[in-house]
Amino acid sequence: MGLLYALVAVGLAIIWGLMEMINFAHGEFMMLGMFGAWGLSAWLGWDPLITMVPLAVVMYGAGVLVYRVLMQKVQRGEMFTQIFATVGLFFFIQNGVVALFTSDYRFINASLLTRLSGANLTVGGVRIGVPLLVGGLIALALFLILYLLIDRTDFGLALQATAEDRDAAMLVGIRPQRMYAVAWGLGTALVAIAGVILANFFSVYPQAGLSFTVLAYAIVALGGFGSILGTLMAALLVGVVQSVTAAYLPPAFKDAFVFASYILIGLFRPQGLFGRF
Amino acid sequence: MAPLLQVERSTKRFGGLIANRDVSLAIEPGEIVGLIGPNGAGKTTLFNCISGALHPDEGRIVLDGADITHARPERVCRLGIARTWQVVRSFGRMTVLENVICGAFRRTSRVAAARARALELLAFTGLAGKEHVVAAALTLADKKRLEITRALATSPRLLLLDEAMSGLTPFETTAAVELVRRIHGELRLAICVVEHVMEVVMPLSHRVVVLDHGEKLTEGPPAEVARDERVITAYLGDRYRGRA
Amino acid sequence: MLGALVALLYPIPFERSGQIYYETVGFLVLLNAMLGIGWNIIGGWAGQFDFGPSIFFAIGAYTAALLTINLGWNAWLALLGAMVVSAAICAAVTYPVTKLRGHYFAIATVAMWMIAQPIGATWPLINGSQGLFIPVATGGGFVHGVLTMEFPGRGKGLGFYYLSLALFTITLLAARAIERSKWGFYFRAVRDDQDGAEAIGIDSRLYKVIARCLMAVVFAAGGTLYGFWALAVFPDQVLEVNWNILPMMAAVVGGLGRLWGPVLGAVVLIPISQLMATTLGTGPLAGRGIDLIIYGAIIMVIAGWRPNGLLSLPWSEWAARLRGHASASGKA
């Protein structure tokens, strides 16, 4: 579970941690991914594991579009306007989906992963559901790819450079607008993939986004800004903590604990566990 | 007479970099002390430690008997230290007058009284007539003047000027120096000036302290310091040898 | 002045024609305008963006309800009680968070709101998700209604309209006084340059708390008013996303940091939602959150093109041009 959180969070880690742009609508893109997976599954019978790829591409495009149309404008303005713009996006997307599909809960029935859902694997005394494991492995793989991309390639270096000092990056020939657009695209695509995978296990409904958004922020803050690895660690930690607390606290509180720790982290170690800033 | 400000062996590290090492310095009431040194010597770090924006890792800072080593900036201001910044800061969206009024609230809580004091100070520092200009729209020289005015509004006993002359034209610089002299003369404050412009610092200061690579190299009257071999090697260059 | 007159006389034509619904719209406009002014204090003046103010709305509603139901307090005393409790809780939870800046503070406020939701749904003291019900005495004339905030029957729309107008006016006047006071200056200083503010002796943490508590007090008052209007307090209702977003939207759309901004914003936005509700009625698109879609679009447009809100449009220029046209055509 933690790995899936990681996927959701890492999309954010790129946009926020690296690019310092707040996005309230982050979870909404995940929700769109979920709906996309459900839609394609229900109408065309395509398994989410397959639709994951085209959906990711589409969402990448959506992310870039959002950046170019909206975020570019507000980037130079005040911070509040940026946040506020994404709040608008949040309302727009969430309710757009409500308008088109109503708020009813929906499920994916016929995918590979749901069919596997009874199967469990026992590893070292801990029982792990196979579907979750598969989802987690996919997430891990993507994480690895992302990490390599950011840390080891020229492109990743360019992204980091733009995050640190936009003007300096311009001087060495990097086009910041393009970097930002790509960052947005990547972030959106990643979180949409997370949505596609999650759609196998969770009900699909328009309001699914917000708590994931806040959760993602908590994770990124916990893991430290600008650190992909940190985000991964933090997400795993959160996944574990959640499972543990779910055993002791009433279910409504499972997220609350994570949010409370966000506040605590903000107080005592604002740069997160592994942060660079 | 007991010094107004006493810095005792202040040390400040940033990770592996030692910005201030064992720096000690004293400022007497009413004197003007120049703080010089090459770029990166640790002057602004020292200012930040004194004013509370940063806290030294080791050592003590005492203002008139009160230990301010770990005090927050607002407490340091309340106790009588005001500062300006290397990169000029102002409340950009407020007018000149409003900026100074904010400072004046340090000494009174009534708006009318604060306004009166602000107007007085603006006249004193030469910004009269610009009260209703939005701070962000001022020229650099005026912004620096505003910063100083706002700092003065808090009725400090010690004023820390961090490169108040940098970025000014020669004409503006002369005006600024004249302002500093007037502040010292009429308001009788102690002033500590960080500067790179030698022609400004040397004539203005009663005493000069030299920092290099985080450590205090020497201190003394400007003429002596200017002749000190080590200082010249570190910073001043042969041109200033012997200049008083 | 004209506005005041309009506001005072507004409900009368509706009373005559029996369309009480519009009085309720007015009530909502005034309520949101009042909340918007409250939010403006922390968001517009102090520059700390609070995305979860509805927790204080809820605290206000619940406190007032509990005081009235369990202790039999008069409505207005309960209102004061609610305001005090809200301020106290706000001070307690905000102080630690003042170390955070900008985005981080904003997310923390959202986190607080999300933590509040399960608490609201499960806390026995406030009856969890089953809510609290405020008893209303039948009969009693208008004056009695004002004293107890209860207007049974037909007088309800009118009564609450004027109540909200009164509270709104008080809030507006209080905000104006604060804007011109030392606090007003200090809030804006913290917004413009927190470090610079500290260097001239402003305790930024303290003033952030004060600003947020002022907002908490206004929201508590609003929550109380709402509770008495709805005659019931449910966690979903009072912690709803709308109470978070609408006041903020009103403030931003109208003009962030301007005294009348939230008022203009509320006047523009609330009717949109109500219009949607009435025109779409029970048709196929009803309850589909169309109004929120529109809100979302408006937010994005404002953020992208007119971040300083509607008040920042060059009204005086346009007016002058209109007058110019008028006189030119008059002369010709």
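Residues numbered from 1 in each chain as written. Chains lettered and ligands numbered in written order. Predicted model: local features only at pLDDT ≥ 70, side-chain atom pairs only at ≥ 80, totals over all residues. Heavy atoms only, no water.

> Break down the overall build of chain C for me, with residues and values.
If you tally the helices and strands in chain C, you get 16 helices and two strands. Put simply, chain C has 332 residues, and 56% of those count as buried. In chain C, of all internal contacts separated by at least 6 residues, the share reaching a separation of at least 24 is 77%. Surface summary for chain C: the accessible area is close to 13400 Å², and the carbon and sulfur share equals 69%. (Helix = DSSP H or I, 4+ residues; strand = E, 2+ residues; numbered from the N terminus. Buried < 20%, exposed > 50% of the residue type's maximum accessible area, 1.4 Å probe, protein only. Contact = heavy atoms within 4.5 Å. Areas by Shrake-Rupley, 256 points an atom, 1.4 Å probe, with all protein chains shown as cover.)

> Summarise the interface of chain C and chain B; cite the residues concerned and give the values.
With 21 residues of chain C at the contact, the number on the chain B side is 22 residues. Across the interface of chain C and chain B, roughly 1900 Å² is buried in total on both sides, 58% from carbon and sulfur atoms. On the chain C side of the contact with chain B, C:Lys182, C:Phe185 and C:Ile200 bury the most area, a combined 32% of that side's loss. At the surface where chain C touches chain B, the tally comes to five salt bridges. The residue B:Arg89 makes a salt bridge to C:Asp193 at a minimum N-O spacing of 2.8 Å. Where chain C touches chain B, the interface holds five residue pairs in polar contact (both at pLDDT 80 or more). Elements represented by at least two residues in the side of chain C that touches chain B include exactly helix H9 (182-192), helix H10 (194-199) and helix H11 (204-230) of chain C. Examining the composition of the side of chain C that touches chain B, we find that seven residues originate from one element, H9(C), more than from any other. Here the residues of the side of chain C that touches chain B are counted per class, giving seven nonpolar, four polar and 10 charged. (Buried area = accessible area lost by both parts, 1.4 Å probe. Salt bridge = Lys/Arg side-chain N within 4 Å of Asp/Glu carboxyl O. Polar contact = N/O pair within 3.5 Å; in protein donor to acceptor, adjacent residues only side chain to side chain. Nonpolar A, V, L, I, M, F, W, Y, C, P; charged D, E, K, R; others polar.)

> So what's going on with the side chain of B:Lys144? Residues and values would help.
Residues and elements named next belong to chain B. Residue placement: lysine 144 occurs in helix H5 (residues 140-153). Buried and without a salt bridge, lysine 144 has glutamate 147 as its closest oppositely charged side chain, separated by 6.0 Å. Residue contacts for lysine 144: discarding those within four places in its chain leaves Gln86, Val88, Glu163, Ala164, Ser166 and Leu168. (Lys, Arg positive; Asp, Glu negative; His and termini not counted.)

> How would you sum up the pattern of salt bridges? Please name residues and give values.
Within this structure, the stated rule accounts for 22 salt bridges over all chains. Here B:Arg93 makes a salt bridge to C:Asp192, at a shortest N to O gap of 3.3 Å. Here B:Arg93 is found in the loop between strand S6 (81-83) and helix H3 (96-104), whereas its partner C:Asp192 is found in helix H9 on a different chain. Between B:Glu98 and C:Arg188 there is a salt bridge, with the nearest N and O atoms lying 3.8 Å from each other.

> Explain the sheet that holds strand S10 (residues 215-220) of chain B to me, using residue names and the numbers behind them.
All names here are of chain B. Across the sheet, which stays open at both edges, the six strands sit in the order S6-S7-S8-S3-S9-S10 with mixed pairing between neighbours. The open sheet has two free edges, formed respectively by S6 and S10, since each of these has just one partner strand. Direction aside, the axes of adjacent strands within the sheet are offset by 20° on average. Note that strand S7 (residues 158-162) and strand S8 (residues 190-194) share five bridges and pair parallel. Within the sheet, the bridge partner assigned to leucine 158 lies in S8 and is alanine 190. Contacting strand S3 (32-36), S6, S7, S8 and strand S9 (207-212), helix H1 (residues 43-51) crosses the sheet at an angle of about 150° to S7. (Pairing = 2+ DSSP bridges. Axes fitted to C-alpha atoms, helices over the stretch in contact; angles between N-to-C directions.)

> Explain unusual backbone geometry to me, and be specific about the residues and the numbers.
Excluding glycine, a negative phi dihedral is what most residues carry, and trans is how most peptide bonds are arranged. All names here are of chain B. The backbone of arginine 9 sits at a positive phi, close to 50°, despite the residue not being glycine. By the secondary structure assignment, arginine 9 is in strand S1 (residues 5-14). A positive phi is found at aspartate 22, a non-glycine position, where the angle reads about 55°. Position of aspartate 22 relative to the elements: it lies in strand S2 (residues 17-27). For aspartate 22, a relative accessible area of 37% puts it in the partly exposed group.

> Could you give me a rundown of H9(C), with the residues and numbers involved?
Among the 11 residues of H9(C), nine are classified as buried, and the element is accordingly described as predominantly covered. Of all the residues in H9(C), the buried ones are C:Lys182, C:Gly184, C:Phe185, C:Tyr186, C:Phe187, C:Arg188, C:Ala189, C:Val190 and C:Arg191.

> Please give an account of the pairing of S10(B) that cites residues and values.
Residue and element names in this part refer to chain B. Sheet analysis places S9 next to S10, joined by five bridges and oriented antiparallel. Opposite aspartate 212, over in S10, you have glutamate 215 as the bridge partner. Here S9 folds back onto S10 in antiparallel fashion, the turn holding two residues, of which histidine 213 has a positive phi close to 50°.

> Quick rundown of the packing of aromatic side chains? Include the residues and the values.
Two aromatic rings are characterised by how far apart their centres lie and by the angle between their planes. All names here are of chain C. Summed over all chains, the structure comprises 12 aromatic pairs over all chains. Residues tyrosine 161 and tyrosine 162 carry aromatic rings whose centres are separated by 5.3 Å and whose planes lie at 85° to one another, so their mutual orientation is edge-to-face. Aromatic side chains tyrosine 226 and tryptophan 229 sit 5.7 Å apart centroid to centroid with 35° between the ring planes, which places their arrangement in the tilted category. One end of the pair is tyrosine 226 and the other is tryptophan 229, both in helix H11 and three residues apart, which spans about a single turn. Here the two residues tyrosine 226 and tryptophan 229 agree in accessibility, since each one is buried. Aromatic ring contacts, followed pair by pair, group Phe27, Phe57, Phe160, Tyr226, Trp229 and Trp243 into a single cluster. Positioned above the aromatic ring of tyrosine 95 is the side chain of arginine 205, whose terminal nitrogen or guanidinium carbon lies 4.5 Å from the ring centre. (Phe/Tyr/Trp six-rings, centres within 6.5 Å; stacked < 30°, edge-to-face > 60°. Lys NZ or Arg CZ within 6 Å of the ring centre and 35° of its normal.)

> Describe the environment of C:Ser204, and please don't skip the residues or the numbers.
The topology assignment puts C:Ser204 in helix H11. Beyond its immediate chain neighbours, meaning those up to four positions away, C:Ser204 contacts B:Arg72, B:Glu74, C:Val190, C:Gln194 and C:Glu198.

> Explain the sheet that holds S1(B) to me, using residue names and the numbers behind them.
Residues and elements named next belong to chain B. Ordered in space as S2-S1-S4-S5, the four strands form an open sheet in which the pairing is antiparallel. One side of each edge strand has no neighbouring strand; the edge strands of this open sheet are S2 and strand S5 (66-67). By the bridge criterion, seven bridges tie S1 to S2 in an arrangement that is antiparallel. From the neighbouring strand, lysine 12 faces S2, where its bridge partner is asparagine 20. Packed onto the sheet, H1 meets S1, S2 and strand S4 (58-63) and runs at close to 115° relative to S1.

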